[in-house]
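Structural overview for review
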Amino acid sequence: MLDLAKPFAETPAALDAVQPFVEALADARGELVAAFVAGQRLDEESDALAPDEERALLEEILTRCTTAQRRLDTATPAFDQLRSLERDITPALECAEARFRELTGRTATAATTLTALRDGYAPAASLPVTGHVEQAKDRLVFATTELNRARQAAYPGDLDTAAVHLRAAEGAIDQADMFVTGVERLATELARAGELAQQGAPHTGPYDDPLDVLRSQGRPLLPSRSAVAAAADFITTHRGAVGAKARTRLSEAERHLAQAVATLSAEPDETHETHETDKTGGAHQTDEIDRAAENTGHPQLAQAHALAQEARNLAEQDVRAYGNPYGGPVGDGLAGALLGGIILGETRDGTGRADLRGPACYGGTATRARRTSGGQF
């Protein structure tokens, strides 16, 4: 439902024009967060809820999800008018190709980074990004095919078909970016955690998992942020297979983390040192919030971490159960595109295989599949 086309629309000249669609996404997310809160309560209190309470929670979930879907469906015509892919696809196509070239280089660098993480830390430290480089390459293989198809359709003037393939390529490029960014982010988190852990416990060695060391020291902010971000990346890049329970736990993890950070930021510890602002100013702010978390024992950070890990575990179970609904050639990237929800598909009755529909687009249930593939995948 929440489409990834928005980054491609945010050129400097279109920032103001994009704002209504950013707001539509924010509104939809707000409704879903509230629906997930109700869903979490249903999961936790199902045995204790009276029938009327359970019915009220189910009705709230349905109402909020419907409101979110309609909010995006309403914004879809204006969004398509802004992008105007069927009239002039060249700017969007050039933007996607530029991002593809950038990501090709970053993916190679991420492979080197991941090797360094495996060599420098305990095996568990790099586990959240295991397979990220391979999956980024898989998405880029799919993007290569779709960009070529978009170009081939655009030159003779078949812009409707070109838009279908461009949208598929954009989704694949965005997920490749997410995989690569996950490796880059974890490397930064581990380096920073190592610095902080040395300050609190000089015994930390080169093969420790610094994030776990921080947790054992009672400094939960960075480990919680890392766990929530990793779970969000996994669920987003495997959204074609992930079910409601994992999404519910992730939403609750994000909510608890945001509330904890807001509380700690608003009530700084009076004993904090004043740090000058420099290029690591964000790290200093994290340090101060970490100290506040240590002094107050903020329970929501622990909840956020636990919920994020549960979300990741549930999502991995969903992915294992999902299997491969695509019977095409191995290595063409389409199986990953289905798994990532880049290409929409419906499982055929009794076969376990998927009928391919087309790329997921900005919109709710009524509009997200509007760019049909016509059997082109």
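Residues numbered from 1 in each chain as written. Predicted model: local features only at pLDDT ≥ 70, side-chain atom pairs only at ≥ 80, totals over all residues. Heavy atoms only, no water.

Regarding the nonpolar core
The nonpolar side chains of a soluble globular protein tend to be buried with one another. I89, F142, L147, L166 and I343 are the most contacted members of the largest nonpolar core, which has 49 residues in total. The dominant element in this core, judged by the number of residues it contributes, is helix α6 (residues 159–200), at 18 residues. In this view, L147 contacts L93, A96, E97, F100, L166, A169 and I173; residues no more than four positions away in its chain are not counted. Core analysis: the second largest hydrophobic core is formed by 25 residues, V261, A308, L314 and A315 among them. (Core = buried A, V, L, I, M, F, W, Y, C linked by side-chain atoms within 4.5 Å. Buried < 20%, exposed > 50% of the residue type's maximum accessible area, 1.4 Å probe, protein only. Helix = DSSP H or I, 4+ residues; strand = E, 2+ residues; numbered from the N terminus. Contact = heavy atoms within 4.5 Å.)

Quick word on the packing of helix α8 (residues 221–237) against helix α9 (residues 244–266)
Interhelical geometry of α8 versus α9 gives an angle of 150° and a closest axis separation of 10 Å. With respect to α9, the element α8 is oriented roughly antiparallel. Note on packing geometry: the crossing formed by α8 with α9 is left-handed. Contact residues: L221, S224, R225, V228, A231, A232 and I235 in α8; A246, R247, L250, A253, E254, L257 and V261 in α9. For the contact of α8 with α9, the per-class residue count stands at 10 nonpolar, one polar and three charged. (Axes fitted to C-alpha atoms, helices over the stretch in contact; angles between N-to-C directions. Parallel < 35°, antiparallel > 145°, perpendicular 65-115°, else oblique. Left-handed = near helix turned anticlockwise from the far one by under 90°. Nonpolar A, V, L, I, M, F, W, Y, C, P; charged D, E, K, R; others polar.)

Some remarks on helix α2 (residues 15–45)
For α2, spanning 31 residues, the distance from its first C-alpha to its last is 44 Å, which sits close to the expected 45 Å at 1.5 Å a residue. Those residues of α2 lying buried are V18, F21, A24, L25, A28, L32, A34, A35, A38, G39, Q40 and L42. (Expected span 1.5 Å × (residues − 1).)

Observations concerning the packing of aromatic side chains
Per the stated rule, a full pass over the model turns up three aromatic pairs. Ring centres of F21 and Y362 lie 6.1 Å apart, and the angle between their planes is 85°; this geometry places the pair in the edge-to-face category. On the criterion of sequence distance, the pair formed by F21 in helix α2 and Y362 in the segment after β2 (354–359) is long-range, its members being 341 residues apart. By relative accessible area, F21 is classed as buried at 6%. Pairwise contacts between aromatic rings join F21, F79 and Y362 into one cluster. (Phe/Tyr/Trp six-rings, centres within 6.5 Å; stacked < 30°, edge-to-face > 60°.)

Digging into the pattern of salt bridges
Inspection of the entire model under this criterion finds 27 salt bridges. The salt bridge involving E170 is made with R167; its shortest N-O contact spans 3.2 Å. Taken as a pair, E170 and R167 lie in helix α6 at a separation of three residues, close to a single helical turn. Accessibility classification places E170 together with R167 in one group, the buried group. Here R185 makes a salt bridge to D233, at a shortest N to O gap of 2.7 Å. One end of the pair, R185, is in helix α6; the other, D233, is in helix α8, with 48 residues separating them in the sequence. Relative accessible area serves as the criterion here: at 11%, D233 is assigned to the buried category. Through salt bridges that share partners, R99, E102, R106, D174, D177 and E184 make up one connected network. (Salt bridge = Lys/Arg side-chain N within 4 Å of Asp/Glu carboxyl O.)

As for unusual backbone geometry
With a phi close to 50°, S84 is a non-glycine residue in the positive phi region. Within the secondary structure layout, S84 lies in the loop between α3 (51–83) and α4 (90–120). S84 sits in the buried class, given a relative accessible area of 13%.

As for the side chain of R151
Along the chain, the position of R151 falls in helix α5 (residues 132–154). Given a relative accessible area of 19%, R151 falls into the buried group. Those residues in contact with R151 that sit more than four places away from it in its chain are L93, E94 and E97.

Focus: the packing of α2 against α3
Axis separation between α2 and α3 bottoms out at 9 Å; the angle between their running directions is 165°. Considering the angle they form, α2 stands roughly antiparallel to α3. Crossing hand, α2 versus α3: left-handed. Each residue belonging to the contact of α2 with α3 can be placed in one class, and the counts come to 22 nonpolar, two polar and nine charged.

Topic: the environment of D208
For D208, the position within the fold is in the loop between α6 and α7 (210–216). Residues D208 and A125 lie 83 residues apart in sequence; the distance between their C-alpha atoms is 8.0 Å.

Section: the confidence of the model for the chain
Predicted confidence across the chain gives a mean pLDDT of 85, with 80% of residues reaching 70 or more. Of all secondary-structure elements in the chain, the lowest mean pLDDT belongs to helix α1 (residues 6–9), at 51, while α8 reaches the highest, 96. Low confidence marks residues 1–5, where pLDDT is under 50. Its contacts with residues over four positions away, or in another chain, come to 28 contacts. Note that pLDDT drops below 50 for residues 270–281; the model gives that stretch 10 contacts with residues more than four away or on any other chain. (pLDDT = per-residue confidence, 0-100.)

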